[in-house]
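Next come the chains, spelled out residue by residue.
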Amino acid sequence: MEPNELAAAAGRYRDMIYRVALHWCGHPQEAEDATQDTLLKLCTTHRHFADEEHLRSWLLRVTINHCKSRLRAPWQTRRLPLEEVPDAPVFDDPTQRELYDAVLALPQAYRMVLYLFYYEDMPTREIAAVLHISQNAVTTRLTRAREALRQTYQEDL
């Protein structure tokens, strides 16, 4: 890639990479590190990307793989958080906060497909390619995640 293409791609996808990393890692500092490492990998790769969708899928896959490897690291299980309360977004509406907490309570597989489907507006076919699962698995996870959220909200009523 040319330097100007690299800078443009980094500008377009930096926020998306950060949000995906934040969902996987759970801490803003680790998400920033993952974003930086992913963009560095883009700088050093000699791949040719067919189109924007190919580049976007590649960046998502690299980000997810990087986060998985960080979570498997031995030091990850032996560390203590610097703060007792993790950084959480501030919501104007209490129902938004409840929904956020309910989504975070879901298993990782459900959270990721919900995020990619609703916030990144990715079709199920593309989610399946990025996560290396079948399209049926994506739709099943979406259905189960929605049902779990529905059950959570029915219990609160």
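From a predicted model like this one, the values you see are computed outputs, not experimental measurements.

Rules used throughout
- Residues numbered from 1 in each chain as written.
- Predicted model: local features only at pLDDT ≥ 70, side-chain atom pairs only at ≥ 80, totals over all residues.
- Heavy atoms only, no water.
- Phe/Tyr/Trp six-rings, centres within 6.5 Å; stacked < 30°, edge-to-face > 60°.
- Helix = DSSP H or I, 4+ residues; strand = E, 2+ residues; numbered from the N terminus.
- Buried < 20%, exposed > 50% of the residue type's maximum accessible area, 1.4 Å probe, protein only.
- Salt bridge = Lys/Arg side-chain N within 4 Å of Asp/Glu carboxyl O.
- Core = buried A, V, L, I, M, F, W, Y, C linked by side-chain atoms within 4.5 Å.
- Contact = heavy atoms within 4.5 Å.
- Expected span 1.5 Å × (residues − 1).

Colleague: Can you lay out the packing of aromatic side chains for me, pointing to particular residues and giving the numbers?
Modeller: Under the counting rule described, the total for this entry stands at three aromatic pairs. Considering the side-chain rings of Y115 and Y119, the 5.7 Å spacing of their centres and the 25° angle between planes classify their relative orientation as stacked. One end of the pair, Y115, and the other, Y119, are both in helix α6 (residues 108-119), four residues apart, so they sit about a helical turn from each other. A relative accessible area of 62% places Y119 in the exposed class.

Colleague: Which residues make up the pattern of salt bridges, and what values go with them?
Modeller: Evaluated as defined, the whole model comprises seven salt bridges. Close ionic contact of D33 with R70 constitutes a salt bridge, the shortest N to O distance being 3.9 Å. Here R70 lies in helix α3 (residues 52-72) and D33 lies in helix α2 (residues 28-44), a separation of 37 residues in the sequence. Judged by relative accessible area, which is 34%, D33 ranks as partly exposed.

Colleague: Now, about the nonpolar core: what can you tell me, with residues and values included?
Modeller: Within the largest apolar cluster, 40 residues are counted, with the highest numbers of intra-cluster contacts made by V20, L42, L116 and L131. The element that contributes the greatest number of residues to this core is helix α1 (residues 3-25), accounting for 10 residues.

Colleague: Kindly report on the side chain of T63, identifying the contributing residues and their values.
Modeller: With respect to the element layout, T63 can be found in helix α3. Ignoring anything within four residues of it in the chain, the contact list for T63 reads I17, V20, A21 and T38.

Colleague: Please give an account of α6 that cites residues and values.
Modeller: The end-to-end C-alpha separation of α6 is 16 Å, in line with the 16 Å expected for 12 residues at 1.5 Å each. The complete set of buried residues in α6 reads Y110, R111, M112, V113, L114, Y115 and L116. D121, located one to two residues past α6, shows a positive phi value of around 50°.

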